[in-house]
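# Understanding the architecture of this molecule
If you want the building blocks of each chain, they are given just below.
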Amino acid sequence: GIQVEQSPPDLILQEGANSTLRCNFSDSVNNLQWFHQNPWGQLINLFYIPSGTKQNGRLSATTVATERYSLLYISSSQTTDSGVYFCAVDFRDYKLSFGAGTTVTVRA
Amino acid sequence: DTGVSQDPRHKITKRGQNVTFRCDPISEHNRLYWYRQTLGQGPEFLTYFQNEAQLEKSRLLSDRFSAERPKGSFSTLEIQRTEQGDSAMYLCASSPSAYEQYFGPGTRLTVT
């Protein structure tokens, strides 16, 4: 069936470290988004990236649609980067299918 | 642009009671979505509207759930005869056509 798989499920980083989160998806997509869920539960938009590469400050993302994966890079991590990161995909049916998330903990 | 708003932010109810949640999308966004998120999981799609028309409903949306979007503006999600399994975060999102979705802060429902 249609699937969105994120890895790793958990990531513990020392402040200042770099990391890569991966999202694999099982079919062609219209839309791919990365979110950061804050401690109060709100989903914060990080990237809208159905293909290509984007950068926003210390974060960047790359989607290779033909190979059905996306990567989220966090550089020089800070404690405020802690939280759950979700990849969500629109498999040409207008609704987002979410992965299970990667829980990132950044230690000072 | 004030973002997507949801009300209430928290709701505690007793099993068997009815509850209603409201979502106000970003103005001029013609698509509005409802999702549900349980602890430790990613959000799951419930239903979506294009303007006032409800175009799709998930099998997760039992007969006890109903959603409306009168006049294509705000939307309400009602749960009748709540059960403990309905306890979850209910998230609303809006988008301009089939593009990037923007989420509200959610309504956390606890059924006791």
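### Quick look at the overall build of chain B
- The helix and strand tally for chain B stands at zero helices and 11 strands.
- Listing the helices and strands of chain B from first to last along the sequence gives β-β-β-β-β-β-β-β-β-β-β.
- Computed over C-alpha atoms, the radius of gyration of chain B comes to 13 Å, within 12% of the 13 Å expected from 2.2 N^0.38 for 112 residues, which places it in the range of a compact globule.
- Referenced to the eigenvectors of the C-alpha coordinate spread, the extents of chain B come out at roughly 35 × 25 × 25 Å.
- Sorting the 112 residues of chain B into buried and exposed places 47% on the buried side.
- Surface accessibility of chain B: about 5,800 Å² in total, with carbon and sulfur atoms responsible for 43%.
- For chain B, the separation between the mean place of its 14 positive charges and that of its 13 negative charges on side chains is 7 Å.

### Considering the interface of chain A and chain B
- Each side of the interface is counted separately: chain A has 17 residues, and chain B has 21 residues.
- A per-residue breakdown of the area chain A buries against chain B is headed by Tyr48, Tyr94 and Lys95 of chain A, which together make up 33% of the total.
- The tally of links between chain A and chain B comes to one salt bridge.
- Across the contact surface, chain A and chain B share nine residue pairs in polar contact (both at pLDDT 80 or more).
- Of all the secondary structure elements, the ones that give two or more residues to the side of chain A that touches chain B are strand 4 (31-37), strand 5 (43-48) and strand 10 (96-98) of chain A.
- Here the side of chain A that touches chain B gets four residues from one element, more than from any other, and that element is strand 4 of chain A.

### With respect to the nonpolar core
- One finds Leu21, Trp34, Leu72 and Val89 of chain A to be the most contacted residues of the largest nonpolar core, which totals 22 residues.
- Grouped together as the second largest cluster of nonpolar side chains are 19 residues, Ile26, Leu32, Ala67 and Leu109 of chain B included.

### Thoughts on the packing of aromatic side chains
- The full count for this structure, using the stated rule, is 12 aromatic pairs over all chains.
- Between Tyr33 of chain B and Tyr48 of chain B the ring centres are 5.4 Å apart and the planes differ by 20 degrees, which places this aromatic pair in the stacked class. With Tyr33 of chain B in strand 4 (residues 31-37) and Tyr48 of chain B in strand 5 (residues 44-50), this residue pair connects regions lying 15 residues apart in the sequence. Each member of the pair Tyr33 of chain B and Tyr48 of chain B is classed as buried.
- Of the aromatic side chains, those joined through ring pairs into one cluster are Phe35, Phe86, Tyr94 and Phe98 of chain A together with Tyr33, Tyr35, Phe45, Tyr48 and Phe103 of chain B.

### Some details on the sheet that holds strand 8 (residues 69-74) of chain A
Residues and elements named next belong to chain A.
- The antiparallel open sheet is built from five strands, whose spatial order is 1-3-8-7-6. Only two strands of the sheet have a single partner each, and these edge strands are strand 1 (4-7) and strand 6 (52-56). Geometrically, the sheet is characterised by an average inter-axis angle of 15 degrees between neighbouring strands, direction not taken into account.
- Pairing of strand 6 with strand 7 (residues 59-64) involves five bridges; the strand directions are antiparallel.

### Overview of the pattern of salt bridges
- In total, this model carries five salt bridges over all chains according to the counting rule given.
- With a shortest N-O distance of 2.8 Å, Glu56 of chain B and Lys95 of chain A are connected by a salt bridge. Highlighted residues: Glu56 of chain B in strand 6 (residues 53-57) and Lys95 of chain A in the loop between strand 9 (83-90) and strand 10, drawn from two different chains.
- For Glu83 of chain B, the salt bridge identified is with Arg64 of chain B, shortest N-O distance 3.4 Å. Taken together, the positions of Glu83 of chain B in the loop between strand 8 (75-79) and strand 9 (88-95) and Arg64 of chain B in the loop between strand 6 and strand 7 (65-68) put the pair 19 residues apart, joining distant regions of the chain.

Calculation criteria
Residues numbered from 1 in each chain as written. Chains lettered and ligands numbered in written order. Predicted model: local features only at pLDDT ≥ 70, side-chain atom pairs only at ≥ 80, totals over all residues. Heavy atoms only, no water. Helix = DSSP H or I, 4+ residues; strand = E, 2+ residues; numbered from the N terminus. Rg over C-alpha atoms; globule rule 2.2 N^0.38 Å. Buried < 20%, exposed > 50% of the residue type's maximum accessible area, 1.4 Å probe, protein only. Areas by Shrake-Rupley, 256 points an atom, 1.4 Å probe, with all protein chains shown as cover. Lys, Arg positive; Asp, Glu negative; His and termini not counted. Charge placed at Lys NZ, Arg CZ, Asp CG, Glu CD. Contact = heavy atoms within 4.5 Å. Buried area = accessible area lost by both parts, 1.4 Å probe. Salt bridge = Lys/Arg side-chain N within 4 Å of Asp/Glu carboxyl O. Polar contact = N/O pair within 3.5 Å; in protein donor to acceptor, adjacent residues only side chain to side chain. Core = buried A, V, L, I, M, F, W, Y, C linked by side-chain atoms within 4.5 Å. Phe/Tyr/Trp six-rings, centres within 6.5 Å; stacked < 30°, edge-to-face > 60°. Pairing = 2+ DSSP bridges. Axes fitted to C-alpha atoms, helices over the stretch in contact; angles between N-to-C directions.

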